[in-house]
Amino acid sequence: MASDVEPVSAALVGESDAEIVSLEIRLRSAQLRADVAELDALIDENLLFVGPDGRLATKAEDLAAHSSGTVRFREHVPETLHVRRIGSDVAVTSLRARLVVAR
């Protein structure tokens, strides 16, 4: 896990947010390991993903792609992580990362 911490922490722009950085580390690790159970626990049912081609995907579609091996993360290098707290229970985040994905 220590190797997971540095790339995410180094990508943080602005004020530190230990909770969000910790969650991003868990998400990155789960993506690299194709850990569908961990991804299921981390991703909200209502989240929509925007892929590199601009298409939207749901949580169910993302989990199915990881589960079937259709998508396999080979590299995940965080470049910039922005976090804006809106309240104690709400944060808006934006992560730009360089990904290498095998299909």
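Before reading further, recall that the structure is shown in the block above.
These numbers come from a predicted model, not from an experiment. (Residues numbered from 1 in each chain as written. Predicted model: local features only at pLDDT ≥ 70, side-chain atom pairs only at ≥ 80, totals over all residues. Heavy atoms only, no water.)

Caption draft 1: View of the side chain of His76. Among the structural elements, His76 can be located in strand S4 (residues 72–87). A polar contact is formed between the side chain of His76 and the side chain of Gln31, at a distance of 3.2 Å. In contact with His76, not counting residues within four places along its chain, are Arg28, Gln31, Leu32, Leu95, Ala97, Arg98 and Leu99. (Helix = DSSP H or I, 4+ residues; strand = E, 2+ residues; numbered from the N terminus. Polar contact = N/O pair within 3.5 Å; in protein donor to acceptor, adjacent residues only side chain to side chain. Contact = heavy atoms within 4.5 Å.)

Caption draft 2: Structural detail: the pattern of salt bridges. Summed over the entire model, instances satisfying the criterion amount to 9 salt bridges. Here Glu19 ties to Arg85 by a salt bridge, and the two come within 2.6 Å at their closest N and O atoms. With Glu19 in helix H2 (residues 18–33) and Arg85 in strand S4, this residue pair connects regions lying 66 residues apart in the sequence. Given a relative accessible area of 34%, Arg85 falls into the partly exposed group. Residues Asp35 and Arg33 are paired through a salt bridge, measuring 2.9 Å at the closest nitrogen-oxygen approach. Salt bridges sharing common partners tie together Asp17, Glu19 and Arg85. (Salt bridge = Lys/Arg side-chain N within 4 Å of Asp/Glu carboxyl O. Buried < 20%, exposed > 50% of the residue type's maximum accessible area, 1.4 Å probe, protein only.)

Caption draft 3: Quick look at the environment of Leu23. In this structure, Leu23 sits in helix H2. Under the relative-accessibility criterion, Leu23 is labelled partly exposed at 34%. Once the C-alpha coordinates of Leu23 and Gly87 are considered, the two residues, 64 residues apart in sequence, prove to be 17 Å apart.

Caption draft 4: Representation of the nonpolar core in the model. With 8 residues, the main nonpolar core is built from Val8, Ala11, Leu12, Ile20, Val21, Ile25, Leu81 and Val83. Per element, the largest residue contribution to this core is 3 residues, and it comes from H2. Those residues in contact with Leu12 that lie beyond four places of it in its chain are Asp17, Val21, Leu81 and Val83. (Core = buried A, V, L, I, M, F, W, Y, C linked by side-chain atoms within 4.5 Å.)

Caption draft 5: Quick peek at the sheet that holds S4. Read across the open sheet, the 3 strands follow the order S1-S4-S5; overall the sheet is mixed. In the strand order of this sheet, the two ends are held by strand S1 (12–13) and strand S5 (90–102), each with one partner. Both S4 and S5 contribute to a ladder of 13 bridges, which runs antiparallel. Residue pairing across strands places Arg85 opposite Ala91, the latter belonging to S5. (Pairing = 2+ DSSP bridges.)

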